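Remarks on the overall topology
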Amino acid sequence: MDLIYLDHNATTALDPEAFEAMRPWFTERFGNASAAYALGHLSDGAVVAARDQTAALVGCSPAEIVFTSGGTESLNHAFRGVWEAFPTKRHLVATAVEHPAVRALVAWWRVQGGEATDVGVDGEGRLDLAALEAAVRPDTALVAVMAANNESGVLFPVAEAGKVAKAKGALFLVDATQAMGKVPVDATAWGADLLCLSGHKFHGPKGTGLLMIRRGVRLKPLMLGGSQERGRRGGTENVPGIVGLGRAAERALARLPEMDRVRGLRDALEARILAEIPEVRIHGAGTDRLPNTSLVGFAGLEGEALQLKLAEHGICVSTGSACSTGMREPSHVLRAMRVPDAHARGTVRFSLGLGTTDPQIRAVAGLLPGLVEALRQGGYGIGMHR
């Protein structure tokens with residue numbers, strides 16, 4: 001059974017060129033990048049080159065890049081660093097549909113004694129910019145807005161949000177994790193003070209990522225230790241991972257035009273679904289989205305049941321729901337969008353990638369009507385789990 005992988009928003013395969021770029025740094029070029037001899041200088045040079053490559057993808061100066069283990073570490077560095085740097089500013093603004101990694105840090109902020117305001121979205125998942133502006137106060141330390149939603153794929157007006165934050169004297173954080181490699185990213189044009197990403201979302205190695213810290217923004221390091229990363233992140237550099245991240249970033253930037261083909265495949269899949277399956281809703285279809293993402297609500301069934309049935313045919317997708325205390329409930333994103341319960345509980349996310357082909361999409365589109373009908377008629381509906 002051939003695998004059809006449509007869960008690229010969860011993770012991606014390592015780019016073969018990134019893999020080959022990493023290989024020597026595991027073996028003959030194993031030197032510590034902080035060492036003063038030639039073997040160490042080789043590693044240091046590789047880190048410098050990767051800093052240039054990733055800065056080009058992010059749209060910032062290489063000196064503003066701090067290599068990390070991924071988006072979660074980067075977000076922790078940003079949130080905790082801002083908390084410590086601005087003791088007189090204890091207010092935070094974030095959207096209600098941020099990734100769970102951000103939502104966990106919003107909860108942490110409140111536990112520390114700070115205040116946090118959640119800004120909502122409309123039924124299509126669009127950010128309410130007027131509500132964002134109204135939420136930012138003189139004591140707001142940080143405004144956090146994602147570049148693209150990981151579930152719906154809805155793109156956020158980050159440049160406009162950045163202007164709001166700047167006008168009120170707050171730092172502006174962009175979680176660009178899902179946008180990287182799918183749409184152009186420009187931290188400078190967006191006015192981002194802080195920006196994070198994870199390498200594995202755009203065919204880089206897992207366990208790699210970065211935090212962009214704009215020049216002039218001073219945060220205490222999250223990882224204390226040596227003087228690596230200009231004192232901003234202690235610990236021996238993961239040279240192979242950083243090299244792979246840099247090559248993946250270079251490749252992602254060069255391959256951005258290919259996302260037009262992916263968009264066409266996504267649109268073709270949605271057209272078939274809407275034409276051949278009744279009682280279906282495409283969440284966020286009324287606004288700008290990532291070109292690869294389709295979040296589909298099938299009324300009258302459980303998204304998890306459809307996910308499992310597709311898996312039996314070698315098709316990998318995810319649900320738009322999160323499991324809580326043993327009961328499957330609509331995700332915080334769907335709740336914020338006020339999606340009707342029937343469509344929310346039956347939601348599945350299809351996220352395509354550069355390797356997705358037209359025959360694969362036709363195969364999935366051909367299977368879906370029968371699987372959906374069988375689940376609706378065969379006891380796999382709302383509230384049924386097998």
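Note that the structure is a prediction, hence the values are computed from the model and not measured.

Moving on: the nonpolar core. By size, the foremost hydrophobic cluster in this structure holds 62 residues, and its most contacted members are Val58, Val143, Phe156, Val174, Met180, Leu195 and Phe202. At seven residues, the largest contribution of residues to this core is made by helix α8 (residues 239–254). Setting aside anything within four residues of it in sequence, one finds Met180 in contact with Leu57, Val58, Val185, Leu195, Leu197 and Phe202. One finds Ala305, Ile315, Phe350 and Ile361 within the second-largest nonpolar core, a separate group that totals 29 residues.

With that settled, consider the pattern of salt bridges. As a working rule, side chains carrying opposite charge can pair if their charged atoms are close by. For the structure on display, the rule yields 24 salt bridges. As a salt-bridge pair, Asp193 and Lys166 come within 2.5 Å of each other at their nearest N and O atoms. Separated by 27 residues along the polypeptide, Asp193 in the loop between α7 (187–190) and β7 (194–198) and Lys166 in helix α6 (residues 158–167) bring together distant segments of the chain. Accessibility expressed as a relative area gives 37% for Lys166, which makes it partly exposed. Residue Glu302 pairs with Arg345 through a salt bridge whose shortest N-O separation is 3.0 Å. Of this pair, Glu302 sits in the loop between β10 (293–298) and α10 (303–312) while Arg345 sits in helix α12 (residues 341–345); the two residues are 43 residues apart in sequence, bridging distant segments of the chain. Glu302 sits in the buried class, given a relative accessible area of 0%. Salt bridges here are not isolated pairs; linked through shared partners, they connect Asp15, Glu17, Arg247, Glu250 and Arg251.

Residues other than glycine seldom take positive phi values, yet His203 does so here, at roughly 70 degrees. If you trace the backbone, His203 turns up in the loop between β7 and β8 (209–213). Taking the relative accessible area as the measure of exposure, His203 reaches 19% and is therefore buried. For Glu279, which is not a glycine, the phi torsion comes out positive at approximately 55 degrees. Position of Glu279 relative to the elements: it lies in the loop between α9 (259–276) and β9 (280–283).

Look at α8: 23 Å from first C-alpha to last across 16 residues, which is about the 22 Å you get at 1.5 Å a residue. Buried residues of α8: Val239, Pro240, Gly241, Ile242, Val243, Gly244, Leu245, Gly246, Ala248, Ala249 and Ala252, and no others. Buried residues belonging to α8 abut α1 (16–22), α2 (38–58), β2 (65–68), β7 and β8.

Below, the discussion takes up the sheet that holds β9. Pairing is antiparallel across the open sheet formed by four strands, whose spatial order is β9-β10-β15-β12. Strands with a single pairing partner mark the edges of an open sheet, and in this sheet they are β9 and β12 (318–319). Relative to strand β15 (residues 347–351), β12 is paired through two bridges, and the arrangement is antiparallel. Among the inter-strand pairings, Thr319 is bridged to a residue of β15, identified as Val348. Along the sheet, α9 makes contact with β9, β10 and β15, crossing β10 at roughly 15 degrees.

Attention shifts here to the confidence of the model for the protein. Summing up the model confidence of the protein, the mean pLDDT is 94 and the portion of residues at 70 or higher is 95%. In the predicted structure, residues 381–386 sits below a pLDDT of 50 and forms 18 contacts with residues beyond four places in sequence or in another chain.

Cut-offs used in this document
- Residues numbered from 1 in each chain as written.
- Predicted model: local features only at pLDDT ≥ 70, side-chain atom pairs only at ≥ 80, totals over all residues.
- Heavy atoms only, no water.
- Core = buried A, V, L, I, M, F, W, Y, C linked by side-chain atoms within 4.5 Å.
- Buried < 20%, exposed > 50% of the residue type's maximum accessible area, 1.4 Å probe, protein only.
- Helix = DSSP H or I, 4+ residues; strand = E, 2+ residues; numbered from the N terminus.
- Contact = heavy atoms within 4.5 Å.
- Salt bridge = Lys/Arg side-chain N within 4 Å of Asp/Glu carboxyl O.
- Expected span 1.5 Å × (residues − 1).
- Pairing = 2+ DSSP bridges.
- Axes fitted to C-alpha atoms, helices over the stretch in contact; angles between N-to-C directions.
- pLDDT = per-residue confidence, 0-100.

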